[in-house]
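# Structural overview for review
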Amino acid sequence: MTSTTVPSISPSDQDVIQAIQASREEHPNLGVARLQAAILSANASWTLSEKRLRKILKTTDGGVDARSAPETPLAPTPTKTAPHAFPISKLNDELNVEQWTRKVQVKVFGKTKGKGLVATEDIKEGEVIWREEPFVYSPSWGIQDAQSTSKRCALCALPLISSKFNPIGCGHECGSVWCSRLCASRSQLSHPFLCSVQNPAVAPLLKYIREQAWIALGAWTKVVALLLGEWSAASSNANVKVGTSKEWKVVRGLAAMSLRERLKVLSDWEASQHANGVLWKTSHELYVQAFDAPSDPVSAKKLAKLKKNKVLPDDIHKELFEFENFLIHLGRMSLNLEAHGAIYILHSHLNHSCQPNVSIKHLEGPNQPGRITVIAKTPIAVGEELVVSYVDPEGDVKARRNKLREWNFGECRCKRCIEENKKQRKQKGVETAEAGAEGDDVERQELDGLEGELRDVLGL
């Protein structure tokens, strides 16, 4: 038998860049030698020297070509304070994007980047792409205080100061009112669990949320009320499996990371760990009492009535009420809350770039503060990803990247960051050429800074 020799192919730089990205998608911390081995293992017909690989890595800022980089490659990188963890999300395979727009579709980019939205047609600058109502709304405290005193709709937050409205109040006189039958109907599953008359065990939790001004905990409280209401309504149907509803799929599809992991990214995380631990423990205890195990018999009886005396399956109970999962849910809320305090199903799919091509507008003003309009900032070609900025785009590359690291998104590698970072490194190289050993100097300065932070935290 005659053996066949596989011809050696010298790949183009762009092919190598794509191979680097694919390898680092699976193994983000590979050194050059191991990265070369991984690329050649995946591309057996290639010939690629370590010298050439190093050159490509250097000229493309770590393997991402600024000319063709995807708009939102937030590359997870280890920090000096803790091992790396980064937000994860799941694909909602039952999501019907067309209920909002036919101009975009969901695309999965990989394990690290996760999912995002891409255009299905050419979109013009200034064009409205879609409008969206909140999945859950936890607005500013001024609005929430108005809702609690019957001055705004308990669901959509529409002001009820005009005589043209005939508000629909909660039959149990808890103070909640709705602007229309539609809003009252949309609240019928969740409100009983948030009503201090029907579920008195929730009152201490709601009071604590207000005292702490904790928007994320308030948002999760509303989500749980919705999930429990949906479960209670469907519990009489033996064909419905708990945890499979569209509401559950939306929640599980949101990007999530535990508050515990998020805390470790902060430079003084060890010093603040105890204080945050107390905050988390207190809120968890009130949360469990509100929705799972009230501390007094009267409240327990009323909650059981709302649940129709049914018991959640063990796996669902653990997912909702176990302490570590509670921290993940709080992180999930914080990650996905829009600036005005709402979580939106389609909007939550938008990834980050420091050069966003869409903007989020609240065009309805005070009449509909929760409704958003997504508008193209620039022309968007078919197949191009839609992106927003998670941080203040006016900051420099260091400030933007540091802010993103606080949520463990890793180092932003969008086109703008790559180009600005290359420019800064080039300038820095010229400025420190005479000093020599630039890398050692930078590392020493970072260590000195960390030592200073630690001394300040300890009061030394």
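Placed above this text is the structure.
Everything in this summary refers to the structure shown in the same document. (Residues numbered from 1 in each chain as written. Predicted model: local features only at pLDDT ≥ 70, side-chain atom pairs only at ≥ 80, totals over all residues. Heavy atoms only, no water.)

### Details of helix H15 (residues 397–405)
Residues three or four positions apart in an α-helix share a direction because the helix packs 3.6 residues into each turn. To keep it simple, the criterion reads: Exposure is judged per residue with a 1.4 Å probe applied to protein chains only, and the accessible area is read against the type maximum: over 50% gives exposed, under 20% gives buried, and values in between give partly exposed. Strands here mean DSSP runs of E at least two residues long; helices mean DSSP runs of H or I at least four residues long; both are numbered from the N terminus. It is the directions from the helix axis to the C-beta atoms whose arc is reported.
Among the residues of H15, those classed as buried are Val 397, Arg 400, Arg 401 and Leu 404. The buried residues of H15 occupy one face: seen down the axis, they fall within an arc of 95°.

### Thoughts on the packing of aromatic side chains
Threshold: Pairing of aromatic side chains requires ring centres within 6.5 Å, counting the rings of Phe and Tyr and the six-membered ring of Trp. Pairs whose planes differ by under 30 degrees are stacked, by over 60 edge-to-face, and all others tilted.
Scanning all chains against the criterion turns up 3 aromatic pairs. With 5.9 Å between their ring centres and 75° between their planes, Tyr 287 and Phe 291 make a pair best called edge-to-face. Taken together, the positions of Tyr 287 and Phe 291, both in helix H11 (residues 269–291) and 4 residues apart, correspond to about one turn of that helix. You'll find Tyr 287 and Phe 291 in the same group, each marked buried. For the ring pair Tyr 287 and Phe 321, a centre distance of 5.4 Å and an interplane angle of 40° mean the geometry is tilted. Of this pair, Tyr 287 sits in helix H11 while Phe 321 sits in helix H13 (residues 314–321), and the two are 34 residues apart along the sequence. Taking relative accessible area as the criterion, Tyr 287 reaches 0% and is therefore assigned buried. Judged by relative accessible area, Phe 321 falls into the buried class, the value being 4%.

### Looking at the sheet that holds strand S4 (residues 128–132)
Under the convention used in this document: Paired strands are those between which DSSP finds at least two bridges. Axes, fitted as lines to C-alpha atoms, cover a helix only where it is in contact. Angles between the N-to-C directions of the axes lie from 0 to 180 degrees.
With antiparallel pairing, 3 strands are arranged side by side in an open sheet as S4-S11-S10. The open sheet has two edge strands, S4 and strand S10 (358–361), and neither has a second partner. Sheet twist, expressed as the average angle between the axes of neighbouring strands with direction ignored, equals 20°. Sheet analysis places S4 next to strand S11 (residues 372–376), joined by 4 bridges and oriented antiparallel. Note that in S11 the partner of Arg 131 across the bridge is Thr 373.

### Describing the environment of Glu 285
Mapped onto the fold, Glu 285 is located in helix H11. C-alpha of Glu 285 to C-alpha of Leu 205: the two residues are 80 residues apart in sequence and 9.0 Å apart in space.

### Quick word on the nonpolar core
Put simply, the test is: We call a set of buried residues a nonpolar core when its members are Ala, Val, Leu, Ile, Met, Phe, Trp, Tyr or Cys and they connect through side-chain atoms within 4.5 Å of each other.
Formed by 79 residues in total, the largest nonpolar core has its most connected members in Ile 129, Trp 130, Trp 220, Tyr 287, Phe 291, Leu 320 and Leu 386. In terms of residue count, helix H8 (residues 215–234) provides more of this core than any other element does, 11 residues in total. The next biggest cluster of nonpolar side chains, apart from the first, holds 12 residues, and it includes Ile 17, Val 32, Leu 48 and Leu 57.

In short, shape yes, function no, at least from these values alone.
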